[in-house]
Amino acid sequence: MTRGRFALAVAAAFILVASAVTWVVARDNPPTRPAPAAIGTNGPPLKPTVGGLAAICEANGADPRSWCAAYLLGALDATQAFGAGGHKAGTCGLNYTPEQLAPILVGWSKRNPDFAEFPMMAGVNLAFREAWPCG
(Lines give C-alpha, C1' and ligand atoms only; values in the text may rest on other atoms or scores of the structure.)
Protein backbone atom coordinates (compact mmCIF):
# COMPACT_ATOMS: atom_id res chain seq x y z
CA MET A 1 0.00 0.00 0.00
CA THR A 2 1.39 3.36 -0.92
CA ARG A 3 1.74 6.17 1.54
CA GLY A 4 -1.07 8.17 -0.04
CA ARG A 5 -3.50 5.27 0.06
CA PHE A 6 -2.52 4.49 3.65
CA ALA A 7 -3.16 8.10 4.69
CA LEU A 8 -6.49 8.03 2.88
CA ALA A 9 -7.46 4.77 4.61
CA VAL A 10 -6.51 6.20 8.02
CA ALA A 11 -8.52 9.38 7.35
CA ALA A 12 -11.54 7.35 6.23
CA ALA A 13 -11.31 5.13 9.33
CA PHE A 14 -11.02 8.23 11.54
CA ILE A 15 -14.12 9.79 9.91
CA LEU A 16 -16.03 6.52 10.30
CA VAL A 17 -15.13 6.20 14.00
CA ALA A 18 -15.85 9.89 14.65
CA SER A 19 -19.24 9.58 12.95
CA ALA A 20 -20.13 6.49 14.99
CA VAL A 21 -19.10 8.19 18.24
CA THR A 22 -21.09 11.30 17.32
CA TRP A 23 -24.16 9.19 16.53
CA VAL A 24 -23.94 7.26 19.83
CA VAL A 25 -23.42 10.44 21.88
CA ALA A 26 -26.30 12.21 20.12
CA ARG A 27 -28.56 9.18 20.53
CA ASP A 28 -27.85 8.89 24.26
CA ASN A 29 -27.91 12.65 24.91
CA PRO A 30 -30.70 14.30 22.94
CA PRO A 31 -30.39 18.06 22.63
CA THR A 32 -32.00 19.97 25.44
CA ARG A 33 -34.84 22.22 24.55
CA PRO A 34 -36.40 24.90 26.67
CA ALA A 35 -39.56 23.81 28.44
CA PRO A 36 -42.69 24.77 26.54
CA ALA A 37 -44.57 27.75 27.84
CA ALA A 38 -47.21 26.82 30.34
CA ILE A 39 -50.60 26.33 28.81
CA GLY A 40 -53.33 27.94 30.79
CA THR A 41 -56.39 30.06 30.63
CA ASN A 42 -54.52 33.38 30.12
CA GLY A 43 -56.62 34.86 32.87
CA PRO A 44 -57.91 34.02 36.32
CA PRO A 45 -57.82 30.40 37.50
CA LEU A 46 -60.55 28.36 35.88
CA LYS A 47 -63.71 27.84 37.86
CA PRO A 48 -65.73 25.45 35.66
CA THR A 49 -68.90 27.51 35.71
CA VAL A 50 -70.49 30.01 33.35
CA GLY A 51 -69.22 32.84 35.57
CA GLY A 52 -65.71 31.39 35.65
CA LEU A 53 -65.61 30.97 31.88
CA ALA A 54 -67.01 34.46 31.33
CA ALA A 55 -64.28 35.91 33.59
CA ILE A 56 -61.57 34.18 31.57
CA CYS A 57 -63.16 35.20 28.27
CA GLU A 58 -63.45 38.79 29.44
CA ALA A 59 -59.75 38.76 30.41
CA ASN A 60 -58.82 37.21 27.03
CA GLY A 61 -60.93 39.67 25.08
CA ALA A 62 -61.48 38.86 21.44
CA ASP A 63 -58.02 37.24 21.01
CA PRO A 64 -58.65 34.33 18.61
CA ARG A 65 -55.53 32.53 19.96
CA SER A 66 -56.70 32.46 23.57
CA TRP A 67 -57.79 29.53 25.69
CA CYS A 68 -61.28 31.04 25.75
CA ALA A 69 -61.51 31.17 21.95
CA ALA A 70 -60.36 27.55 21.68
CA TYR A 71 -62.96 26.37 24.20
CA LEU A 72 -65.72 28.39 22.54
CA LEU A 73 -64.80 27.19 19.04
CA GLY A 74 -65.00 23.57 20.22
CA ALA A 75 -68.28 24.15 22.01
CA LEU A 76 -69.75 25.97 19.03
CA ASP A 77 -68.69 23.13 16.77
CA ALA A 78 -70.59 20.71 19.02
CA THR A 79 -73.74 22.84 19.11
CA GLN A 80 -73.54 23.32 15.36
CA ALA A 81 -73.48 19.55 14.91
CA PHE A 82 -76.66 19.26 17.00
CA GLY A 83 -78.34 21.99 14.96
CA ALA A 84 -77.33 20.40 11.67
CA GLY A 85 -78.89 17.19 12.91
CA GLY A 86 -82.16 18.97 13.67
CA HIS A 87 -81.79 18.88 17.46
CA LYS A 88 -83.36 21.83 19.29
CA ALA A 89 -80.25 22.20 21.50
CA GLY A 90 -78.16 23.18 18.49
CA THR A 91 -77.18 26.37 16.71
CA CYS A 92 -78.00 27.16 13.10
CA GLY A 93 -77.17 29.61 10.35
CA LEU A 94 -73.66 30.22 11.60
CA ASN A 95 -71.72 33.08 10.13
CA TYR A 96 -69.05 34.15 12.60
CA THR A 97 -65.38 34.83 13.24
CA PRO A 98 -63.50 33.52 16.29
CA GLU A 99 -63.10 37.10 17.53
CA GLN A 100 -66.87 37.39 17.97
CA LEU A 101 -67.31 34.43 20.32
CA ALA A 102 -65.94 35.72 23.63
CA PRO A 103 -67.88 39.00 23.47
CA ILE A 104 -71.09 37.04 22.76
CA LEU A 105 -70.58 34.81 25.80
CA VAL A 106 -69.46 37.66 28.09
CA GLY A 107 -72.40 39.84 27.04
CA TRP A 108 -74.86 37.01 27.50
CA SER A 109 -73.49 36.13 30.94
CA LYS A 110 -73.80 39.77 32.08
CA ARG A 111 -77.44 39.83 30.95
CA ASN A 112 -78.11 36.47 32.65
CA PRO A 113 -76.31 36.51 36.03
CA ASP A 114 -78.62 33.81 37.42
CA PHE A 115 -76.72 31.28 35.29
CA ALA A 116 -73.28 32.12 36.77
CA GLU A 117 -73.00 28.85 38.71
CA PHE A 118 -74.23 26.61 35.89
CA PRO A 119 -71.70 24.38 34.07
CA MET A 120 -69.67 26.17 31.39
CA MET A 121 -71.19 24.28 28.46
CA ALA A 122 -74.72 25.13 29.56
CA GLY A 123 -73.98 28.85 29.37
CA VAL A 124 -72.16 28.50 26.06
CA ASN A 125 -75.07 26.57 24.61
CA LEU A 126 -77.63 29.12 25.80
CA ALA A 127 -75.55 32.11 24.66
CA PHE A 128 -74.89 30.69 21.21
CA ARG A 129 -78.46 29.46 20.75
CA GLU A 130 -79.56 33.02 21.45
CA ALA A 131 -77.05 34.35 18.91
CA TRP A 132 -77.76 31.69 16.24
CA PRO A 133 -81.16 30.11 16.94
CA CYS A 134 -82.52 27.24 14.92
CA GLY A 135 -85.93 27.80 13.40
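Look up: the structure comes first, before these words.
Residues numbered from 1 in each chain as written. Predicted model: local features only at pLDDT ≥ 70, side-chain atom pairs only at ≥ 80, totals over all residues. Heavy atoms only, no water.

Student: How should the packing of helix H4 (residues 98-111) against helix H5 (residues 120-131) be read in this particular structure?
Tutor: Each pair of packed helices can be described by the angle between their axes along with the distance between the axes. Relative to each other, H4 and H5 sit at 105°, their axes nearing to 9 Å. Considered as vectors, H4 and H5 are oriented roughly perpendicular to each other. Counting all contacts with H4, which are made through Leu101, Ile104, Leu105, Trp108 and Arg111, the residues of H5 involved are Gly123, Val124, Leu126, Ala127, Phe128, Glu130 and Ala131. (Axes fitted to C-alpha atoms, helices over the stretch in contact; angles between N-to-C directions. Helix = DSSP H or I, 4+ residues; strand = E, 2+ residues; numbered from the N terminus. Parallel < 35°, antiparallel > 145°, perpendicular 65-115°, else oblique. Contact = heavy atoms within 4.5 Å.)

Student: Explanation requested: the packing of aromatic side chains in the structure shown.
Tutor: Aromatic ring pairs: the centre-centre distance and the angle between the two ring planes describe each pair. In the structure shown here, the tally under the stated rule is five aromatic pairs. Between Trp108 and Phe115, the ring centres sit 5.4 Å apart and the planes meet at 45°, which makes this aromatic pair tilted. Residue classification places Trp108 among the buried positions, given a relative accessible area of 3%. What makes Phe115 partly exposed here is its relative accessible area of 25%. Here the aromatic cluster, defined as three or more aromatic residues joined through ring pairs, consists of Tyr96, Phe128 and Trp132. (Phe/Tyr/Trp six-rings, centres within 6.5 Å; stacked < 30°, edge-to-face > 60°. Buried < 20%, exposed > 50% of the residue type's maximum accessible area, 1.4 Å probe, protein only.)

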